[in-house]
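Next come the chains, spelled out residue by residue.
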Amino acid sequence: MKSLFRIWMIAKNSFLEARHNKVLHIAGGFAAILIIFSLFLGQVSLHQNVKVVKDIGMATISLFGVFVAIFLGVNSLYRELQYRTIYSIVSKPISRSEILMGKFAGMLMILSVVVFLMTCYLYLVTFFIEHRVDWALLPAIGLILVELWIVASIGIFFSSFSTPFLSGFFTAGLFLVGRVSSELGAFGERSDDFFFRLLATGVQKVFDLQAFNLRSEVVHDIPVYTQDFWLPVAYAAFLILIVLFSSFQLFKKRDFK
Amino acid sequence: MKVLEVQALSKIYRQHFWTKARKVLDAVSFSVHQGEIFGFLGPNGAGKSTTIKILLEIIFPSSGEARLFGQPIHAAETKQRIGFLAENPYFYDFLTAQGFLEFHGGLYGLSQSFLRSRIPEVLELVGMKGTENIRLRFFSKGMLQRIGLAQAIIHDPDLVILDEPMTGLDPVGRKEVRDLMIELKSRGKTVFFSTHILSDVESICDRVAILNLGKLLSCGNLNELVSVDSKYVDLVLAGTEGDLTKWAESHQAELIHKDEYCCYRLWNRQENSGQFEARINSALRAALSAGARVHSLNHKKDNLEDVFMKQVGQLESRV
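Residues numbered from 1 in each chain as written. Chains lettered and ligands numbered in written order. Predicted model: local features only at pLDDT ≥ 70, side-chain atom pairs only at ≥ 80, totals over all residues. Heavy atoms only, no water.

## Observations concerning the packing of helix 7 (residues 164-179) of chain A against helix 8 (residues 181-189) of chain A
Residue and element names in this part refer to chain A.
- At their nearest, the axes of helix 7 and helix 8 sit 5 Å apart, and the two run at 65 degrees to each other. On the side of helix 7, the interface is formed by Val-177, Gly-178 and Arg-179, while helix 8 contributes Ser-181, Glu-183 and Leu-184.
- Of the residues that constitute the contact of helix 7 with helix 8, the class distribution is 2 nonpolar, 2 polar and 2 charged. (Axes fitted to C-alpha atoms, helices over the stretch in contact; angles between N-to-C directions. Helix = DSSP H or I, 4+ residues; strand = E, 2+ residues; numbered from the N terminus. Contact = heavy atoms within 4.5 Å. Nonpolar A, V, L, I, M, F, W, Y, C, P; charged D, E, K, R; others polar.)

Structure follows, in structure tokens:
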């Protein structure tokens, strides 16, 4: 119970810190403008106005969310080390795994708030066009959020032993690999190189972020089944656990010089 | 009772596997007793902060052992009894003083209801009463140092570890920090602090340890450390030059300065205070009989700065 309270204190503080970050405010502004811009794009499409707005809107939520997840994932922990605020925290009766858990929980909170606000904004814009609330978007947006949690955990993993630049680079790289892993796998299956085939199909099986993309389905009214949502969520939980456990192992013996 | 015990603590840094290893702490051993103010002295790069970081598990030792309250440093209950202020601390500037202390108090497991009554008390103790609702970004360096002290004592710890607590403080701020340390000691708390401001150490410390280049040079009671070193007497005399020269030779007095008066120095040659005083009296009598006039006599005792400089050596030798 005390452990949970300590994790909560770190999470709350990380959340407040992120809330005051000007970079996120500016990025949020850009995302809002992008959704408004989708209205104009919708106007030039043939009877597809609302679909274009929904598609671009969700893509914007995903894009902005990934930016926030990477930015916070690689900076949140590093800032504590850079400004040496970690000294005061480590000197308290709190374990390093609790610190990392708190940081991660803080990121989950801020990402959830960001996605929630963007979703409200998207619903406002779509309501303006079709005068109704399309609840069918929610599973897709839910999976976008879960995908962001994975990206944030990867950012934490890299920042537990590397600099923000490298961590950001690796996290963004891994995210892109995850997003194109289906294509990578298909490409690998056609390859003559045994090792590339093994690697490409392996990556596709282990790290496939396309599983979190239900956007086309919900926009084009293709049926979404329960397992389409819950299986990726279970897969995400498994992935996050592994990534966080690896981060703990690296972080627990790190010298904070 | 030993509150803190360090045994053969060493720390070796290696930037990369191809770079040369650098030993920043070399088999350091010392102990701190309950209820004392312990000064940890050394020039920049001596290893003071490294030792403190090891004690708080901010970094890990390469070898050796440290115990707090008789338990290994990684025991969770030991950290509950420690308060710590880092050197040149940076705090979350978006928080108010109240929010900042609630955060740190929360990490010690203190309840919000307890903190509501405790925070004003602690702020008053560090001279920051009435600043509860001010954001830390509006605090001066001295105020940040004091709010840092407040978070270190919010849970009423038995041992307070302060890394260069006087850095950046004006004379008034330094005095207030010194007074706070004395106040903590009067409440039975132990204070362990690192510094290179020797006058602060001399005025409040019970015991000190001197560290240089990662090695412990000496450790002990402040009075012992200061008095074991050489003392001397400066005698300023006036008289005929030939007589004084003869007198100086017979009493092994060293001529330090000569103008209207001659200043001679009589060194203590590992004599106890009685023997040394007898020799001074004898030398004085002889000088008077030789027709000299005594202008002044000054007992010189090595202060902490002299001891420190002797042990640490000149800067050139340290580089």
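Past the structure itself, the notes keep going.
## Some remarks on the nonpolar core
- Of all hydrophobic cores here, the largest spans 152 residues; its most connected members are Met-58 and Ile-150 of chain A together with Phe-30, Ile-147, Met-181, Phe-192 and Phe-193 of chain B.
- By residue number, the principal contributor to this core is helix 6 (residues 137-159) of chain A, which donates 14 residues.
- Look past the residues within four positions of Phe-193 of chain B in its chain and what remains in contact with it is Ile-37, Phe-38, Gly-39, Phe-40, Leu-162, Pro-165, Met-181, Val-201, Ile-204 and Cys-205 of chain B.
- Among the nonpolar cores identified, the runner-up in size contains 16 residues, and Val-233, Leu-235, Ile-280 and Ala-292 of chain B belong to it. (Core = buried A, V, L, I, M, F, W, Y, C linked by side-chain atoms within 4.5 Å. Buried < 20%, exposed > 50% of the residue type's maximum accessible area, 1.4 Å probe, protein only.)

## Digging into the sheet that holds strand 5 (residues 71-72) of chain B
Residues and elements named next belong to chain B.
- One open sheet accounts for 4 strands, arranged 2-1-4-5; its pairing is antiparallel. Each edge of the open sheet carries a strand with a single partner, namely strand 2 (22-33) and strand 5.
- With 8 bridges connecting them, strand 1 (residues 2-13) and strand 2 associate as antiparallel partners. Looking across to strand 2, one finds that Tyr-13 is bridged to Arg-22.
- Running over the sheet, helix 1 (residues 48-55) touches strand 1, strand 2 and strand 4 (63-68) and is turned about 115 degrees from strand 1. (Pairing = 2+ DSSP bridges.)

## Thoughts on the side chain of Arg-279 of chain B
Residue and element names in this part refer to chain B.
- Looking at the secondary structure, you find Arg-279 in helix 10 (residues 273-289).
- Within the structure, the side chain of Arg-279 is placed 2.4 Å from the backbone oxygen of Trp-267, a separation counted as a polar contact.
- Aside from chain neighbours lying at most four places away, what touches Arg-279 is His-251, Leu-266, Trp-267, Asn-268, Arg-269 and Glu-271. (Polar contact = N/O pair within 3.5 Å; in protein donor to acceptor, adjacent residues only side chain to side chain.)

## A short note on the pattern of salt bridges
Residues and elements named next belong to chain A.
- Per the counting criterion, the structure on display carries 28 salt bridges over all chains.
- For the salt bridge of Arg-6 with Glu-98, the shortest nitrogen-to-oxygen distance reads 3.0 Å. Taken as a pair, Arg-6 in helix 1 (residues 2-19) and Glu-98 in helix 5 (residues 96-130) lie far apart in primary sequence, 92 residues in all.
- A relative accessible area of 16% means that Arg-6 is categorised as buried. (Salt bridge = Lys/Arg side-chain N within 4 Å of Asp/Glu carboxyl O.)

## Regarding the confidence of the model for chain B
- On average, residues of chain B carry a pLDDT of 87, and 97% of them reach 70 or more.
- Note that pLDDT drops below 50 for residues 315-319 of chain B; the model gives that stretch 7 contacts with residues more than four away or on any other chain. (pLDDT = per-residue confidence, 0-100.)

## Topic: the pairing of strand 10 (residues 215-221) of chain B
- Here 6 bridges tie strand 9 (residues 207-212) of chain B to strand 10 of chain B, and the two strands are oriented antiparallel to one another. Along strand 10 of chain B, the bridge assignment pairs Ile-210 of chain B with Ser-218 of chain B.

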